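Coordinate inspection notes
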Amino acid sequence: MVGVVVADARQDDYPILYVNPAFERLTGYPAAELLGRNCRFLQGEDRDQEARQDIWQALAQGEATTTILRNYRKDGTLFYNELTLSPVFDAAGTLTHYLGFQNDVTAREKALRGEHHARQQLTATLTRVTDGFVSFDRDWNVTYINEAAAGLAQRRPEDFLGRNLLIMFPEIRDNPLGLAVERAKATGDLQNTVSHLPHFEKWVDVTVYPSEDGISLFARDITESHRNLAALQASEERFSKVFQASPVAIFITRRKDKCFLEVNAEFLRQSGYSRQEILGHTSQELGFWADQADREVTWQMLDGELAPGSREVLFLDRHGEPFWGMLSLIPIEVAGERCVIGFVRNVNEEKNARQRLLESEERHRRSATELQRILDLSLDMITTVAPGGWVISVSAACVHILGYTPEELSGRSYEELLHPEDREITHREVAVIREKQGSTSFRNRCIHKDGGVVWIEWNVAAVPDDPLLYCVARDVTRRRAAEADQAFLAAIVQASQNAVVGVSLDDTIRSWNPGARRLYGYSAAEAIGQTMMLIVPPEVQDAEREVFRRVAQGELVLPYESVRLDRQGQRIPVMSTVSGVLDAEGHVIGVSKITRDISLIQAAEAKVRKLNEDLERQLRHVTGLREIDQSIATSADLNVTLGMILENIRQQLEVDAATILLLDQHTLTLRCGAARGLSTALQDLTLRLGDGLAGQVALNRQPLLAADLQTTDVSPAWRAMLEGERLVAYYAVPVIAKGKVLGVIEVLHRQPFEPSSAWLEVFEVLTNQAAIAVDNAELLSELEHSNLELRLAYDETIEGWARALDLRDRETEGHSRRVTETTVELCRMLGFSTEELVDVRRGALLHDIGKMGIPDAILSKPGRLNDEEWLRMKEHASYAVALLSPIRFLRPALTIPQYHHEKWDGSGYPLGLRGEAIPLAARAFAVVDVYDALTSDRPYRKAWPREAATAHLRAGAGTHFDPQVVGAFLRLLGARP
Ligand code: FNR
């Protein structure tokens with residue numbers, strides 16, 4: 001689409017006679033507005049154009065020419081217009097018209113110009129970042145490799161070209177890098193991975209781009225964070241090799257005296273000097289500067305007085321020949337000294353290069369494509385931005401960083417990507433760089449396609465006469481997060497109530513938070529730089545150093561209690577936690593000490609301990625009292641109770657010995673009832689009321705304190721006991737119940753002692769217990785005594801009755817007593833208990849009590865009884881029940897009176913009970929009674945001999961008598977003389 005213009009050559013100023021529609025479209029003007037005008041108005045204000053001279057010359061000579069003009073459309077937009085002028089002659093050979101062919105070559109022009117600047121920018125970027133890239137075909141044969149990538153292997157690019165990477169480094173096939181390449185080949189997708197290159201001892205962040213003809217790989221050296229000292233040295237060596245081999249002239253200058261410390265081979269080549277001539281001298285001494293002003297500006301930039309950047313400077317070489325060099329400076333530190341590393345790029349050569357580039361458009365285009373690919377391979381996002389923020393081009397890294405493809409971003413304004421809060425800073429930075437030119441760097445936040453926030457570090461360059469900005473963007477989100485984490489951590493430390501102190505390995509305090517200031521009283525300014533021992537008291541310093549040593553060796557030390565000194569020299573009990581501070585590689589580079597004042601906690605703990613002890617004491621007291629109460633309630637044995645009371649006195653009152661003396665109410669003497677804590681026996685010691693200390697206490701009914709027994713008047717026996725037991729203090733109280741003195745309790749000490757009111761209170765309670773126990777015991781013994789008397793009275797009465805019955809019954813003298821004794825004996829043999837035997841005895845004595853109800857006529861009838869009389873006689877068993885059952889204490893004794901006439905075979909009376917249904921006592925009595933009757937004289941017969949009587953019993957065993965009882969009775973008889 002070529003615009004055609006016909007201008008009249010015979011009129012002044014070549015007015016336009018005709019334009020074709022393509023020209024109208026090209027310029028945006030309709031033909032009507034063009035006809036009759038000169039074409040130059042398309043240049044607008046932009047008149048300073050070299051092309052015009054070409055045109056003048058052509059017009060003046062009547063010749064043809066082709067040239068490129070900057071023209072502006074009706075809407076003001078710029079386009080590059082490739083104009084070819086061609087003269088038209090009439091038949092007479094007169095110049096009549098000029099034909100103009102106009103072609104829009106904007107795209108091509110921009111590409112050329114853009115390429116130039118981008119290449120400049122890229123070169124600078126690559127010099128700074130030293131990222132490496134390499135291209136190879138699908139079989140790993142290297143087609144291209146840059147310095148940095150070759151430098152990773154400490155080689156030159158030419159060492160790689162055409163060679164196979166897998167043959168050179170077989171191990172990469174199976175490491176993450178090799179796997180990423182295979183994945184990229186298989187999927188056709190970009191791959192990103194981190195890989196270790198053992199061959200080079202490098203860690204690299206790798207991006208792999210597959211293409212039709214092979215693989216391009218971009219690698220960033222991230223060994224830095226993995227590097228140890230040895231690796232650092234290796235890298236320095238490598239650096240020095242790169243330094244020497246670099247095609248850019250490089251020098252290192254000391255800031256202090258501005259002397260050259262090191263220069264590389266290229267520097268020597270460009271300057272024409274030898275190393276010896278340069279090192280140790282300043283640039284001024286050597287006369288490098290064609291213009292002294294350049295030198296001053298350069299040092300001002302370094303000193304921060306002027307914005308840093310690259311500058312074109314005119315230098316003089318050894319022979320005074322001037323050459324233009326692009327000078328870039330970066331401040332560095334070498335062996336602790338502030339230095340500057342400088343790069344000088346010969347711009348003359350670059351101009352030539354550009355010239356060569358311009359020679360072939362085709363080659364340009366190819367280079368442009370290649371360049372774009374190079375840009376795309378960078379892990380940084382490289383972009384060109386037009387005024388208004390329009391993205392003209394962007395490298396593929398934008399996918400990584402912002403989530404958009406280059407196609408999505410091109411033609412859009414970066415405005416949309418900016419985080420709202422960071423728009424202002426971005427606009428400000430852009431305005432400044434547009435104004436000042438050079439380069440700048442700043443950070444802002446952008447919005448990722450997925451909505452997330454990305455922190456970006458921008459490096460922006462502006463070039464004179466070029467509206468575009470050339471930008472390199474790097475994602476620093478992770479770095480920011482790490483910084484934010486650190487800031488957060490620092491804030492926590494600042495806010496901590498605890499003292500947080502950072503100490504370096506040489507035991508010097510490096511950080512000191514407000515908590516430390518509060519605890520120790522030193523300000524941060526006073527403490528930092530001092531030794532940690534500032535706040536450690538001498539006696540714990542060794543222990544503290546030991547903890548420090550262990551932590552420094554990476555050991556884990558549990559929190560421990562210790563003591564610190566504050567500024568006033570006051571000791572503070574603390575809980576201390578010590579842990580190592582690690583660097584990125586995990587080496588301990590210091591120690592952090594977190595300490596907490598625990599004086600309040602310790603005080604609280606002591607209070608709790610005291611409360612617990614009180615509580616325990618009270619519990620012991622209550623438990624002791626309960627035990628004593630129980631003992632009083634259940635135990636008849638006074639000794640047990642008194643022993644328990646004395647044991648409680650000893651424990652609760654913490655005395656060495658305690659005794660209780662009981663007062664005998666009849667003899668009015670005191671005798672030892674129980675003692676505890678003494679090795680001497682006191683049983684034989686008796687005291688009359690009023691004698692000795694205890695006698696006085698009992699008599700006066702008043703407590704007595706002898707704080708020093710040495711000076712107290714006591715009996716010799718007692719003195720001996722006291723000395724043997726080493727007792728020195730004495731306290732005694734009377735034991736009184738119901739107004740009566742029952743005894744005295746004494747406590748004895750091996751230390752002088754003064755009773756407190758609490759002590760006295762407890763003593764009183766225990767003494768009261770003793771009084772109750774003694775009183776109870778006396779009551780009980782009195783009760784038992786009267787009980788016994790009562791029983792004796794009963795039993796005497798019963799025996800009286802028995803004798804009366806014997807008389808009335810005309811029984812032989814003492815029959816009842818005899819059978820009673822024998823029955824009791826027999827029953828004891830049969831296993832009756834003592835209590836049961838009491839009832840057996842009473843029952844046996846009263847066995848015939850029922851006969852009181854039988855008339856004398858029957859009872860004393862000399863002859864045999866008739867049937868009716870027998871019936872009356874047999875009723876005596878029932879009479880016995882009627883007589884005795886109303887008397888409660890005789891009820892258990894009824895068995896024998898009621899059943900002694902029952903027979904083993906059931907033929908007896910009154911109930912005709914059989915066998916074991918008859919109570920055993922009655923069965924036993926029956927045997928004894930019959931035997932006694934047979935062996936006693938009767939008015940009507942002589943007493944049977946013993947053998948006859950026993951034979952009778954044997955004969956009746958199993959019918960009349962229980963055979964076992966008979967057996968037992970015969971054994972009893974056999975044992976008798
Ligand atoms: C021109 N000229 C021209 N200039 C321009 O900027 N854009 C154009 O498209 C054209 N086209 C054009 C066609 C024809 C046929 C002629 C004869 C000339 C050149 C312009 O008119 C003028 O001659 C040059 O700018 C040089 O003259 P000045 O600038 O010194 O007046």
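Residues numbered from 1 in each chain as written. Predicted model: local features only at pLDDT ≥ 70, side-chain atom pairs only at ≥ 80, totals over all residues. Heavy atoms only, no water.

Looking at an unreviewed UniProt entry, one finds the chain named Histidine kinase and attributed to Deinococcus aerophilus.

**Regarding the overall build of the chain**
From N to C terminus, the chain includes 35 helices and 31 strands. Compactness check: the chain gives a C-alpha radius of gyration of 65 Å against a globular reference of 30 Å for 977 residues, more than 25% above the reference. Principal-axis analysis of the C-alpha atoms gives the chain an extent of 215 × 80 × 60 Å. Looking at the chain as a whole, 42% of its 977 residues are labelled buried. Within the chain, residue pairs in contact and separated by at least 24 positions form 46% of the contacts whose partners lie at least 6 positions apart. Summed over its atoms, the accessible surface of the chain is roughly 52000 Å², and 53% of this surface lies on carbon and sulfur atoms. (Helix = DSSP H or I, 4+ residues; strand = E, 2+ residues; numbered from the N terminus. Rg over C-alpha atoms; globule rule 2.2 N^0.38 Å. Buried < 20%, exposed > 50% of the residue type's maximum accessible area, 1.4 Å probe, protein only. Contact = heavy atoms within 4.5 Å. Areas by Shrake-Rupley, 256 points an atom, 1.4 Å probe, with all protein chains shown as cover.)

**Notes on the confidence of the model for the chain**
With 90% of its residues at a pLDDT of at least 70, the chain reaches an overall mean of 84. Helix H8 (residues 229-245) is the least confidently modelled element of the chain, averaging 53 in pLDDT, while helix H33 (residues 920-934) averages 94, the highest of any element. Within the model, pLDDT remains below 50 along residues 121-129, and this stretch shows 16 contacts once partners closer than five positions in the same chain are excluded. For the stretch residues 228-233, pLDDT sits under 50, and the model shows one contact to residues farther than four places along the chain or on other chains. (pLDDT = per-residue confidence, 0-100.)

**Some thoughts on the nonpolar core**
Counting residues in each nonpolar core, the largest one holds 29 residues, and the members touching the most others are Ile649, Ile660, Ile745, Val747, Trp759 and Phe763. Of all the secondary structure elements, the ones that give two or more residues to this core are helix H22 (599-634), helix H23 (638-653), strand E26 (657-664), strand E30 (729-737), strand E31 (740-749) and helix H26 (757-808). Among the elements that line this core, the one with the most residues is H26, at seven residues. Ignoring sequence-local partners within four residues, the contact set of Ile745 consists of Leu646, Ile649, Thr659, Ile660, Tyr731, Ala732, Val733, Val735, Phe763, Thr767 and Ala770. One finds Phe169, Val181, Ile215 and Ala219 within the second-largest nonpolar core, a separate group that totals 27 residues. (Core = buried A, V, L, I, M, F, W, Y, C linked by side-chain atoms within 4.5 Å.)

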